[in-house]
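Architecture at a glance
So you can see what is in the structure, the chains are spelled out below.
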Amino acid sequence: MSIRVTVWNEFRHEQQADHKSREVYPNGLHLAIADALKEDPKFEVTTATLDEPEQGLPEEKLNNTDVLIWWGHCAHAEVKDELVERIAARVRDGMGVIVLHSGHYSKVFRRLMGTECRSKWWEENDRERIFTVMPGHPITAGLPEYFELPMEETYCEHFNIPTPDELVFISWFSGGAVLRSGCCYHYGAGKIFYFQPGHETFPTYYDPNIRQVLKNAAGWAAPCSPAMKYGKHERIEAK
């Protein structure tokens, strides 16, 4: 059975004629991310953007999403609170969410984490070394002990997030920073994965290891089958 993945991107930087991201992702980050998922036939992939009707996620589409991938940066405040609450409800009932890069400061991630999700950061074209710290986890399948990105935006501890249920990646940056860069959480019946790499001006989402992480994470975050049922129920034992 296919896993239905929706890749949501605010899609603002890439539409600015003078923004470097337009050179790197001429069709939008969401399509580069979607292409990575499409490499695996088990995923049925669609995309959504902020300026589409109902901010790209009308109720029917959200209800037919197994895993939502979220990328945002400059337009967090424009996401409507009612959409955030609908997403949180879907995660509580089993939908998975993968939050990428600067999406850590999105309304969606902060709502799910219950903290401000702040970190230190700088843009100095630092090299990033990503260490697998939980070998055997589904998200690290097929990946080496560590891999590197020649350039990334640096995020630095302290990262104001709850302690992850599972920490699968830690990153070191050539500028001296470290970060808990791959964090797993459970929220109700749903799963959440935060993954730090993915600055809009670097070709991060073309990297084979990053693409493998995205595919692994989408498989891990997919709802359990059969879905959990809540509410009034028949008693288990007869009187």
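Residues numbered from 1 in each chain as written. Predicted model: local features only at pLDDT ≥ 70, side-chain atom pairs only at ≥ 80, totals over all residues. Heavy atoms only, no water.

**Some points on the overall build of the chain**
Going by this rule: The helix count covers DSSP runs of H or I at least four residues long, the strand count covers runs of E at least two residues long, and both are numbered beginning at the N terminus. C-alpha atoms define the radius of gyration in this analysis, and the globule rule sets the expected value at 2.2 Å times the number of residues to the power 0.38. Each residue's exposure class comes from its accessible area (1.4 Å probe, protein chains only) as a fraction of the maximum for that residue type: buried when under 20%, exposed when over 50%, partly exposed otherwise. Two residues qualify as a contact provided that any one of their heavy atoms is within 4.5 Å of a heavy atom in the partner residue. Here the accessible surface of atoms and residues is derived via Shrake-Rupley with a 1.4 Å probe, and residues count as covered only by protein chains that are part of the display. Here Asp and Glu are counted as negative and Lys and Arg as positive; His is not counted, and neither are the chain ends. Every charge is mapped onto a representative atom, which is NZ of Lys, CZ of Arg, CG of Asp or CD of Glu.
When its secondary structure is counted, the chain shows six helices and nine strands. Against the globule reference of 18 Å for 239 residues, the chain gives a C-alpha radius of gyration of 18 Å, in line with a compact fold. Principal axes of the C-alpha set define a box for the chain whose edges measure 70 × 40 × 35 Å. Relative to its full complement of 239 residues, the chain shows a buried share of 53%. The long-range fraction of contacts in the chain, counting pairs at least 24 apart against all pairs at least 6 apart in sequence, stands at 71%. Total accessible area computed for the chain in this model is approximately 11,500 Å², and 51% of it derives from carbon and sulfur atoms. For the chain, the distance from the average position of its 26 positive side-chain charges to the average position of its 35 negative side-chain charges is 7 Å.

**So, the pattern of salt bridges**
We count it as follows: For salt bridges, the criterion is a side-chain nitrogen of Lys or Arg within 4 Å of an Asp or Glu carboxyl oxygen.
Per the stated rule, a full pass over the model turns up 13 salt bridges. For Arg12, the salt bridge is made with Glu78, and the minimal N-O distance between the two is 2.8 Å. Of this pair, Arg12 sits in the loop between strand E1 (3–9) and helix H1 (21–24) while Glu78 sits in the loop between strand E3 (67–71) and helix H4 (81–92); the two residues are 66 residues apart in sequence, bridging distant segments of the chain. Its salt-bridge partner being Glu39, residue Arg211 comes within 2.9 Å of it at the nearest N-O pair. Here Glu39 lies in the loop between helix H2 (29–38) and strand E2 (43–49) and Arg211 lies in helix H6 (residues 208–221), a separation of 172 residues in the sequence. Within the structure, one salt-bridge network assembled from shared partners comprises Arg12, Asp51 and Glu78.

**So, the nonpolar core**
Convention followed: For the purposes of this section, nonpolar cores are sets of buried Ala, Val, Leu, Ile, Met, Phe, Trp, Tyr and Cys residues that join through side-chain atoms within 4.5 Å.
If you look at the biggest cluster of nonpolar residues, it comprises 37 residues, and the most contacted ones within it are Val5, Leu37, Leu100, Ile139, Phe169, Phe193 and Tyr205. A per-element tally of this core places H6 first, with seven residues. In contact with Leu37, other than residues within four places in its own chain, are Val5, Phe43, Val45, Ile69, Leu214, Lys215 and Ala218. Core analysis: the next-biggest nonpolar cluster, separate from the first, contains 33 residues, Leu57, Val79, Leu83 and Tyr155 among them.

**Some details on the side chain of Arg90**
Relative to the elements of secondary structure, Arg90 occurs in helix H4. In this structure, Arg90 is buried with no salt-bridge partner, the nearest side chain bearing the opposite charge being Asp66 at 5.4 Å.

**Thoughts on the environment of Asp165**
Basically, it comes down to this: Polar contact is defined as a pair of N or O atoms within 3.5 Å, subject to the rule that within protein one atom must be able to donate a hydrogen and the other to accept it, and that residues adjacent in sequence are counted only when both atoms are side-chain atoms.
Position of Asp165 relative to the elements: it lies in the loop between strand E6 (146–156) and strand E7 (166–173). Excluding residues that lie within four positions of it along the chain, Asp165 makes contacts with Cys184, Tyr185 and His186. Polar contacts involving the side chain of Asp165 include one to the main-chain amide nitrogen of His186, which spans 2.8 Å.

Without other data, these values stay purely geometric and don't point to any function.
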